[in-house]
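Single-letter residue listing:
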Amino acid sequence: MAARAKVRSRARSKSQGASRTPSRAVRGTRRVSAAPRAGGAAAGRSNGRARDLLARLKEDAVICAEGYLFELERRGYLQAGAFVPEVLFDHPEVVEQLHLDFVHAGSDVTQALTYYVHREKLRVIGREKDLVPMNRAALGIAKRVARRTGTLFAGDICNTNVYDPADKGAIREVERIYAEQVGWAVEAGVDYFVAETISWLGEALLALEAIRKYSKVPAVVTLAIHREPLTREGLTPAEACQRLEAAGADVVGINCHRGPRTMMPLLKEIRAAVKCHVAGLPVPYRTTPEQPSFMALTDPCCGGQRAFPVGLDPFMCTRQEIFAFGREAYALGIRYLGVCCGAGPHHIRALAESLGRHPPASRYTVDMSRHTIFGTDKRIRKIMTDYQAKA
Ligand SMILES: [Zn+2]
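Residues numbered from 1 in each chain as written. Predicted model: local features only at pLDDT ≥ 70, side-chain atom pairs only at ≥ 80, totals over all residues. Heavy atoms only, no water.

## Details of the pattern of salt bridges
1) Next: On inspection of all chains with the given rule, the structure shows 23 salt bridges.
2) Next: Here Glu-86 makes a salt bridge to Arg-127, at a shortest N to O gap of 2.8 Å. With Glu-86 in the loop between α5 (68-74) and α6 (87-90) and Arg-127 in the loop between α8 (119-124) and α9 (131-149), the pair connects residues that are 41 residues apart, well separated along the chain.
3) Next: Take Glu-86: its relative accessible area is 26%, and that puts it in the partly exposed class.
4) Next: Taking the relative accessible area as the measure of exposure, Arg-127 reaches 17% and is therefore buried.
5) Next: Residues Asp-130 and Arg-127 are paired through a salt bridge, measuring 2.7 Å at the closest nitrogen-oxygen approach.
6) Next: We classify Asp-130 as buried; its relative accessible area is 10%. (Salt bridge = Lys/Arg side-chain N within 4 Å of Asp/Glu carboxyl O. Helix = DSSP H or I, 4+ residues; strand = E, 2+ residues; numbered from the N terminus. Buried < 20%, exposed > 50% of the residue type's maximum accessible area, 1.4 Å probe, protein only.)

## Points about the sheet that holds strand β5 (residues 219-223)
1) Next: Spatial ordering of the open sheet is given by β1-β10-β7-β6-β5-β4-β3-β2, a layout of eight strands whose pairing is parallel. Each having just a single partner strand, β1 (62-65) and β2 (109-111) make up the two edges of the open sheet. When strand polarity is set aside, the average angle formed by the axes of neighbouring strands in this sheet is 25 degrees.
2) Next: Across four bridges, strand β4 (residues 192-198) lies against β5 in parallel orientation. (Pairing = 2+ DSSP bridges. Axes fitted to C-alpha atoms, helices over the stretch in contact; angles between N-to-C directions.)

## Some remarks on the nonpolar core
1) Next: Among the nonpolar cores identified, the biggest contains 101 residues, and Tyr-178, Leu-244 and Phe-294 are the most heavily contacted of them.
2) Next: Setting aside its immediate chain neighbours within four residues, Leu-244 contacts Leu-201, Ala-204, Leu-205, Leu-208, Val-221, Leu-223, Ala-249 and Val-252.
3) Next: In terms of nonpolar packing, the next biggest core, distinct from the first, is built from 15 residues, Leu-54, Cys-64, Val-109 and Val-194 among them. (Core = buried A, V, L, I, M, F, W, Y, C linked by side-chain atoms within 4.5 Å. Contact = heavy atoms within 4.5 Å.)

In C-alpha cells form, the structure reads like this:
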C-alpha cells in the first residue's frame, strides 16, 4: 500500500499544477491503437503501455466512454425502463463490438458492462439466478477487448437503488451488493474500479469502502447529481467529493444526469475543493438551468412531456458541443473525461479530438471540402457550388 500511496500523492501534486491548455504531449500523439485484431499489432502495443490509471493520469488525460445502456437501447438490444443489459447473454458479440467502437473512437478505457448487473436489478427482472454468470460475462468481454486494444480494464459498480441511510438492513444489502461485485471484478483482474452514478454520498462511501477492502487497485468515484445541485443527503458535490477524497478515492467527480452546460459549474467547484484528480462525464444532452438534469427535460413539441428516457433525441449535443466541453474541462485541470448515457462513438471521438488526439475513427472525421454542393475542391462542378445559397 505504501507504493500505491506514493503514486497517489505524486498524481495529486501533478493535478494541482495541471496546465491550462492541452500539453504538447497531448496535442502531438496518437493515443489509441488501431482497430484491434486478435493477436495482431494492437496486442503488441498494448504490452508497452502501463495498465496503471494513476500513471496514465499523471502523463495525460484519460478518456472513459460510458453510457453503454443507452447506446445498446438505441441499437435495439436493450429494453429502456429496467435498463438491465441482458444483451450480455443474448448478444455478447454486440457488447464486444460496442466496446471496440468506443475504443476506435478514442476511449482509453474498456469498462465492464456490470452497470445494473447487481443483485437488486436482477431481482426486479426476475433473473437473480443469472447474477454470477452475467457479471462474469461482462467482465470477460471487457477484459478481452481491453487486453487486445491496450486500453485500461475497469470494473464497475453503481447505484444500488436500495440505499436508505435510516435503514440498517438496506445498508447491509448495499454492502453485500458491492462486496460481491467487487469480488468478481478482482477475480477478473481489473486495472481499477469505477463507482458511478451514485446520488447519495453515504452510498458512494460504501462503494469506496468495498473497493478498498476487497481490492488493491485505484478507485474512481463519481456522483450523479439530479435537479438540485446537491447529493441526496443535501451536501454540495464539492463537499461530497472532499469526503470521498479523504476516504481514499483516487479520482472523484460527477457523471451522468447533467449535460455539459449544467455539469460544468459543479465541476469547477469540485476542482477547487479537492487535491486529487477530478472526473467529469456528462450526458450529451442540452440541459438548462431551468431543467438541469436529463430526467427533468420536457419536450415542448410533445405537450411538454418528460423526454427521459427515449424521447431525448431533440436535446442531443452536437459533436462540437462535446468538443467544447472537453476543451473547457481539460483547461480547468479535469483529467478524467468521458460522456455518459446517450453518448455515441461520435461524441467520444469529438472528446478525443478536443484534446488534440487522432484516434482511428478520426480517419473519417468530417471534411466538407469535397462535398457536392459545399465543397471547395477544384474538382467539384461550379454548377453545384453556385447553388449553395439555395441548398
Ligand atoms: Zn449515465
